[in-house]
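# Observations on the three-dimensional arrangement
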Amino acid sequence: SQQGEEDPQALSIQEGENATMNCSYKTSINNLQWYRQNSGRGLVHLILIRSNEREKHSGRLRVTLDTSKKSSSLLITASRAADTASYFCATGAGGKDKIIFGKGTRLHILP
Amino acid sequence: DAGITQSPRHKVTETGTPVTLRCHQTENHRYMYWYRQDPGHGLRLIHYSYGVKDTDKGEVSDGYSVSRSKTEDFLLTLESATSSQTSVYFCAITGTDNSPLHFGNGTRLTVT
(Lines give C-alpha, C1' and ligand atoms only; values in the text may rest on other atoms or scores of the structure.)
Protein backbone atom coordinates (compact mmCIF):
# COMPACT_ATOMS: atom_id res chain seq x y z
CA SER A 1 0.00 0.00 0.00
CA GLN A 2 1.10 3.58 -0.53
CA GLN A 3 2.99 5.35 2.21
CA GLY A 4 1.44 8.79 1.79
CA GLU A 5 -2.26 9.46 1.57
CA GLU A 6 -3.58 12.91 0.75
CA ASP A 7 -6.82 14.34 1.99
CA PRO A 8 -9.11 15.54 0.52
CA GLN A 9 -9.05 13.78 -2.84
CA ALA A 10 -10.51 16.87 -4.50
CA LEU A 11 -10.98 20.48 -3.42
CA SER A 12 -12.70 23.43 -5.10
CA ILE A 13 -12.33 26.93 -3.69
CA GLN A 14 -12.84 30.50 -4.83
CA GLU A 15 -9.89 32.48 -6.09
CA GLY A 16 -8.32 34.39 -3.24
CA GLU A 17 -9.21 31.84 -0.57
CA ASN A 18 -6.71 29.61 1.18
CA ALA A 19 -6.38 25.92 0.30
CA THR A 20 -5.26 23.28 2.76
CA MET A 21 -4.29 19.74 1.87
CA ASN A 22 -3.22 17.02 4.26
CA CYS A 23 -0.92 14.04 3.96
CA SER A 24 -0.69 11.08 6.32
CA TYR A 25 1.98 8.40 6.24
CA LYS A 26 2.64 5.15 8.03
CA THR A 27 6.30 4.62 8.87
CA SER A 28 9.29 6.68 9.98
CA ILE A 29 10.57 9.13 7.39
CA ASN A 30 13.70 11.10 6.60
CA ASN A 31 11.82 13.83 4.84
CA LEU A 32 8.47 14.63 3.27
CA GLN A 33 8.09 16.39 -0.06
CA TRP A 34 5.23 18.14 -1.82
CA TYR A 35 4.86 18.26 -5.59
CA ARG A 36 2.48 19.91 -8.05
CA GLN A 37 1.35 18.47 -11.36
CA ASN A 38 -0.48 20.44 -13.98
CA SER A 39 -2.69 18.42 -16.27
CA GLY A 40 -0.66 16.20 -18.58
CA ARG A 41 2.68 17.48 -17.36
CA GLY A 42 5.51 16.18 -15.19
CA LEU A 43 5.69 16.81 -11.46
CA VAL A 44 7.29 19.95 -10.10
CA HIS A 45 8.89 20.03 -6.67
CA LEU A 46 7.40 22.55 -4.21
CA ILE A 47 8.86 22.02 -0.75
CA LEU A 48 10.96 19.44 1.09
CA ILE A 49 10.67 19.33 4.87
CA ARG A 50 13.05 17.23 6.93
CA SER A 51 11.91 15.04 9.81
CA ASN A 52 13.50 17.39 12.36
CA GLU A 53 11.65 20.42 10.99
CA ARG A 54 8.13 21.44 11.98
CA GLU A 55 7.29 24.19 9.50
CA LYS A 56 8.60 25.56 6.26
CA HIS A 57 7.58 28.44 4.00
CA SER A 58 8.09 29.23 0.35
CA GLY A 59 6.24 32.24 -1.04
CA ARG A 60 2.51 31.55 -0.65
CA LEU A 61 3.17 27.97 0.46
CA ARG A 62 3.40 26.80 4.03
CA VAL A 63 4.12 23.19 5.00
CA THR A 64 3.87 21.72 8.46
CA LEU A 65 5.07 18.35 9.67
CA ASP A 66 3.94 16.49 12.78
CA THR A 67 6.00 13.33 13.10
CA SER A 68 4.14 12.23 16.23
CA LYS A 69 0.92 12.10 14.20
CA LYS A 70 2.69 11.05 11.00
CA SER A 71 1.02 13.85 9.10
CA SER A 72 1.79 16.95 7.07
CA SER A 73 -0.23 19.79 5.66
CA LEU A 74 0.25 22.08 2.69
CA LEU A 75 -1.36 25.51 2.85
CA ILE A 76 -1.63 27.69 -0.23
CA THR A 77 -2.62 31.23 0.68
CA ALA A 78 -4.44 33.72 -1.56
CA SER A 79 -5.09 31.10 -4.23
CA ARG A 80 -4.90 31.94 -7.94
CA ALA A 81 -6.29 30.30 -11.05
CA ALA A 82 -2.77 29.10 -11.85
CA ASP A 83 -2.78 27.02 -8.65
CA THR A 84 -5.31 24.66 -10.25
CA ALA A 85 -3.41 21.37 -10.34
CA SER A 86 -2.93 18.07 -8.54
CA TYR A 87 -0.77 18.07 -5.43
CA PHE A 88 1.14 15.05 -4.15
CA CYS A 89 3.11 14.26 -1.05
CA ALA A 90 6.04 11.87 -1.12
CA THR A 91 7.95 10.23 1.69
CA GLY A 92 11.16 8.29 2.10
CA ALA A 93 13.28 7.01 4.95
CA GLY A 94 16.58 8.01 3.34
CA GLY A 95 19.57 5.95 2.31
CA LYS A 96 18.54 3.15 -0.02
CA ASP A 97 14.88 3.43 0.88
CA LYS A 98 12.24 4.05 -1.76
CA ILE A 99 10.31 7.29 -2.23
CA ILE A 100 6.58 6.69 -2.26
CA PHE A 101 3.84 9.04 -3.45
CA GLY A 102 0.25 9.37 -2.36
CA LYS A 103 -2.72 9.48 -4.71
CA GLY A 104 -2.87 13.25 -4.68
CA THR A 105 -5.36 16.06 -4.11
CA ARG A 106 -6.97 17.70 -7.16
CA LEU A 107 -7.30 21.41 -6.48
CA HIS A 108 -9.60 23.56 -8.60
CA ILE A 109 -9.61 27.32 -8.18
CA LEU A 110 -12.90 28.90 -9.20
CA PRO A 111 -12.88 32.39 -10.76
CA ASP B 1 15.75 22.25 -15.39
CA ALA B 2 17.60 19.10 -14.42
CA GLY B 3 19.03 17.28 -17.42
CA ILE B 4 16.70 14.32 -17.65
CA THR B 5 15.29 12.90 -20.86
CA GLN B 6 12.83 10.08 -21.36
CA SER B 7 12.49 8.21 -24.63
CA PRO B 8 10.32 7.54 -26.44
CA ARG B 9 7.71 10.14 -25.50
CA HIS B 10 4.89 8.06 -26.94
CA LYS B 11 4.66 4.40 -27.88
CA VAL B 12 1.94 2.09 -29.04
CA THR B 13 2.69 -1.60 -28.91
CA GLU B 14 0.86 -4.90 -29.08
CA THR B 15 0.20 -7.30 -26.25
CA GLY B 16 3.03 -9.77 -25.81
CA THR B 17 5.79 -7.65 -27.33
CA PRO B 18 8.83 -6.51 -25.34
CA VAL B 19 9.21 -2.79 -24.69
CA THR B 20 12.12 -0.81 -23.29
CA LEU B 21 11.84 2.73 -22.00
CA ARG B 22 14.94 4.81 -21.46
CA CYS B 23 15.73 7.45 -18.90
CA HIS B 24 18.88 9.45 -19.52
CA GLN B 25 20.37 12.03 -17.15
CA THR B 26 23.27 14.43 -17.46
CA GLU B 27 23.40 15.42 -13.77
CA ASN B 28 25.54 12.53 -12.52
CA HIS B 29 22.86 11.87 -9.88
CA ARG B 30 23.06 8.70 -7.84
CA TYR B 31 19.35 7.91 -7.49
CA MET B 32 16.95 7.12 -10.34
CA TYR B 33 13.32 6.04 -10.16
CA TRP B 34 10.62 4.70 -12.45
CA TYR B 35 6.98 5.47 -11.62
CA ARG B 36 3.75 4.81 -13.43
CA GLN B 37 0.75 7.09 -13.20
CA ASP B 38 -2.80 5.94 -13.68
CA PRO B 39 -6.10 7.71 -12.92
CA GLY B 40 -7.11 7.18 -9.32
CA HIS B 41 -3.74 5.73 -8.31
CA GLY B 42 -1.40 8.68 -8.26
CA LEU B 43 2.23 7.72 -8.86
CA ARG B 44 3.30 4.19 -8.05
CA LEU B 45 6.93 3.17 -7.80
CA ILE B 46 8.00 0.38 -10.15
CA HIS B 47 11.75 0.08 -9.58
CA TYR B 48 14.50 2.35 -8.40
CA SER B 49 18.28 2.53 -8.37
CA TYR B 50 20.73 3.92 -5.83
CA GLY B 51 23.83 3.38 -7.92
CA VAL B 52 25.23 1.58 -10.92
CA LYS B 53 24.03 -2.02 -10.87
CA ASP B 54 22.19 -1.33 -7.59
CA THR B 55 18.44 -1.58 -8.08
CA ASP B 56 15.45 -2.55 -5.99
CA LYS B 57 11.77 -3.26 -6.42
CA GLY B 58 9.04 -0.75 -5.80
CA GLU B 59 5.31 -1.16 -5.16
CA VAL B 60 4.30 -2.53 -8.56
CA SER B 61 7.35 -4.34 -9.97
CA ASP B 62 5.68 -7.47 -11.37
CA GLY B 63 6.08 -7.63 -15.15
CA TYR B 64 8.91 -5.08 -15.18
CA SER B 65 12.68 -5.30 -15.04
CA VAL B 66 15.33 -2.58 -14.94
CA SER B 67 18.94 -2.12 -15.84
CA ARG B 68 21.48 0.45 -14.78
CA SER B 69 24.88 -0.33 -16.27
CA LYS B 70 26.09 3.28 -16.15
CA THR B 71 25.22 6.31 -14.04
CA GLU B 72 23.39 8.22 -16.74
CA ASP B 73 20.99 5.57 -18.03
CA PHE B 74 18.17 3.69 -16.31
CA LEU B 75 16.24 1.32 -18.55
CA LEU B 76 12.77 -0.04 -17.83
CA THR B 77 11.77 -3.19 -19.71
CA LEU B 78 8.38 -4.77 -20.07
CA GLU B 79 9.30 -8.31 -21.06
CA SER B 80 5.88 -9.10 -22.50
CA ALA B 81 3.58 -6.10 -22.52
CA THR B 82 0.01 -6.45 -21.28
CA SER B 83 -2.95 -4.07 -21.57
CA SER B 84 -2.74 -3.42 -17.81
CA GLN B 85 0.64 -1.79 -18.43
CA THR B 86 -0.94 0.95 -20.51
CA SER B 87 0.05 4.01 -18.52
CA VAL B 88 2.16 7.13 -18.32
CA TYR B 89 5.67 6.34 -17.10
CA PHE B 90 7.80 8.90 -15.32
CA CYS B 91 11.47 8.77 -14.54
CA ALA B 92 12.88 10.84 -11.68
CA ILE B 93 16.38 11.54 -10.41
CA THR B 94 18.00 12.99 -7.33
CA GLY B 95 21.53 13.41 -6.08
CA THR B 96 21.07 12.58 -2.39
CA ASP B 97 18.48 10.93 -0.18
CA ASN B 98 17.51 14.32 1.24
CA SER B 99 17.03 16.25 -2.00
CA PRO B 100 14.03 16.85 -4.26
CA LEU B 101 13.24 14.60 -7.18
CA HIS B 102 13.47 16.00 -10.70
CA PHE B 103 11.08 14.43 -13.16
CA GLY B 104 11.25 13.72 -16.84
CA ASN B 105 8.38 14.64 -19.14
CA GLY B 106 6.95 11.15 -19.16
CA THR B 107 6.38 8.37 -21.69
CA ARG B 108 2.82 7.56 -22.69
CA LEU B 109 2.63 3.83 -23.41
CA THR B 110 -0.41 2.18 -24.95
CA VAL B 111 -0.60 -1.59 -25.16
CA THR B 112 -3.28 -2.79 -27.59
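Residues numbered from 1 in each chain as written. Chains lettered and ligands numbered in written order. Predicted model: local features only at pLDDT ≥ 70, side-chain atom pairs only at ≥ 80, totals over all residues. Heavy atoms only, no water.

### Focus: the environment of Gln6 of chain B
Residues and elements named next belong to chain B. Applied cut-off: A run of H or I in DSSP counts as a helix once it spans at least four residues, and a run of E counts as a strand once it spans at least two, with each numbered from the N terminus. The contact rule is simple, with two residues in contact once any of their heavy atoms fall within 4.5 Å. N or O atoms within 3.5 Å of each other form a polar contact, as long as, within protein, one can give a hydrogen and the other can take it, and as long as residues adjacent in sequence are counted only when both atoms are side-chain atoms.
Inspection of the secondary structure puts Gln6 in strand 1 (residues 4-7). Sequence-wise, Gln6 and Gly104 are 98 residues apart; in three dimensions their C-alpha atoms are separated by 6.0 Å. In this view, Gln6 contacts Arg22, Trp34, Tyr89, Phe90, Cys91, Gly104, Asn105, Gly106 and Thr107; residues no more than four positions away in its chain are not counted. A polar contact of 2.9 Å, which involves the side chain of Gln6, links it to the backbone nitrogen of Cys91. Side-chain polar atoms of Gln6 contact the backbone nitrogen of Gly106, separated by 3.1 Å.

### Things to note about the state of the cysteines
Residue and element names in this part refer to chain B. Our working definition: The disulfide definition used here is simple: a pair of cysteine sulfur atoms within 2.5 Å. Each residue gets one of three labels from its accessible area relative to the maximum for its type: buried under 20%, exposed over 50%, partly exposed in between, using a 1.4 Å probe on protein chains only.
Under the defined criterion, the tally for this structure stands at 2 disulfides over all chains. Here Cys23 engages in a disulfide with Cys91; their sulfurs sit 1.9 Å apart. Between Cys23 and Cys91, the disulfide has an S-S torsion of -75° and is therefore left-handed. With Cys23 in strand 3 (residues 19-25) and Cys91 in strand 9 (residues 87-94), this pair connects stretches of sequence that are 68 residues apart. Judged on exposure class, the residue Cys23 and its partner Cys91 are both buried.

### Some words on the nonpolar core
Our working definition: What we call a nonpolar core is a set of buried Ala, Val, Leu, Ile, Met, Phe, Trp, Tyr and Cys residues that are connected through their side-chain atoms within 4.5 Å.
Residues Met21, Leu32, Trp34, Leu74, Ile76, Tyr87 and Leu107 of chain A are the most contacted members of the largest nonpolar core, which totals 21 residues. Secondary-structure elements contributing two or more residues to this core are strand 3 (19-24), strand 4 (31-37), strand 5 (43-50), strand 7 (61-66), strand 8 (71-76), strand 9 (85-92) and strand 11 (105-110) of chain A. In this view, Ile76 of chain A contacts Glu17, Asn18, Ala19, Met21, Arg60, Leu61, Asp83, Tyr87 and Leu107 of chain A; residues no more than four positions away in its chain are not counted. Residues Tyr35, Ala90 and Ile99 of chain A together with Tyr48 of chain B belong to the second largest nonpolar core, which totals 19 residues.

### Some remarks on the packing of aromatic side chains
Just so we agree on the cut-off: Aromatic rings from Phe, Tyr and Trp, taking only the six-membered ring of Trp, are treated as a pair when their centres fall within 6.5 Å; an angle between ring planes under 30 degrees marks them as stacked, one over 60 as edge-to-face, and anything in between as tilted.
As enumerated under the stated definition, the model contains 10 aromatic pairs over all chains in all. Note on Tyr35 of chain A and Phe101 of chain A: the rings are 5.4 Å apart at their centroids and 50° apart in plane angle, and the pair reads as tilted. You can see Tyr35 of chain A sitting in strand 4 and its partner Phe101 of chain A sitting in strand 10 (residues 99-101), a full 66 residues away along the chain. Exposure remark for Tyr35 of chain A: the relative accessible area of 0% places this residue in the buried category. Their ring planes at 80° and their centres at 5.8 Å tell us that Tyr35 of chain A and Phe103 of chain B sit as a pair that is edge-to-face. Residue Tyr35 of chain A is found in strand 4, and its partner Phe103 of chain B is found in strand 10 (residues 102-103); the two belong to separate chains. Phe103 of chain B carries the same exposure label as Tyr35 of chain A, and that label is buried. Through a chain of ring-to-ring contacts, the aromatic side chains of Tyr35 and Phe101 of chain A together with Tyr33, Tyr35, Tyr48, Tyr50, Phe90 and Phe103 of chain B assemble into a single cluster.

### A few points about the pairing of strand 8 (residues 73-78) of chain B
All names here are of chain B. Just so we agree on the cut-off: Strands are treated as partners if at least two bridges between them are detected by DSSP.
In terms of burial, strand 8 is a largely internal element, 5 of the 6 residues being buried. Inspection of the sheet shows strand 3 paired to strand 8 by 6 bridges, in the antiparallel sense. Bridging from a neighbouring strand, Cys23 pairs with Phe74 of strand 8. Bridge count between strand 7 (residues 64-70) and strand 8: 5 bridges; the pairing is antiparallel. If you follow Lys70 over to strand 8, its bridge partner there is Asp73. Where strand 7 folds back on strand 8, the antiparallel hairpin that results is connected by 2 residues.

### Structural notes on the pairing of strand 4 (residues 31-38) of chain B
Working note: regular strand, side chains alternate between the two faces of the sheet. Residues and elements named next belong to chain B. Burial analysis of strand 4 places 8 of its 8 residues in the buried class, which makes it a mostly covered element. Alternating residues of strand 4 divide into Tyr31, Tyr33, Tyr35 and Gln37 and Met32, Trp34, Arg36 and Asp38, and every residue in both groups is buried. Where strand 4 lies against strand 9, 7 bridges are found, and the strand directions are antiparallel. Looking at strand 9, one finds that Trp34 is bridged to Cys91.

### Let's talk about the sheet that holds strand 8 of chain B
Residue and element names in this part refer to chain B. The cut-off we apply is this: Axis definition: a line fitted to C-alpha atoms, limited for helices to the stretch in contact. Angles are taken between N-to-C directions and run from 0 to 180 degrees.
Taking strand neighbours across the sheet as the criterion, the 4 strands line up as 1-3-8-7 in an open arrangement whose pairing is antiparallel. The open sheet has two edge strands with one neighbour each: strand 1 and strand 7. Geometrically, the sheet is characterised by an average inter-axis angle of 15° between neighbouring strands, direction not taken into account.

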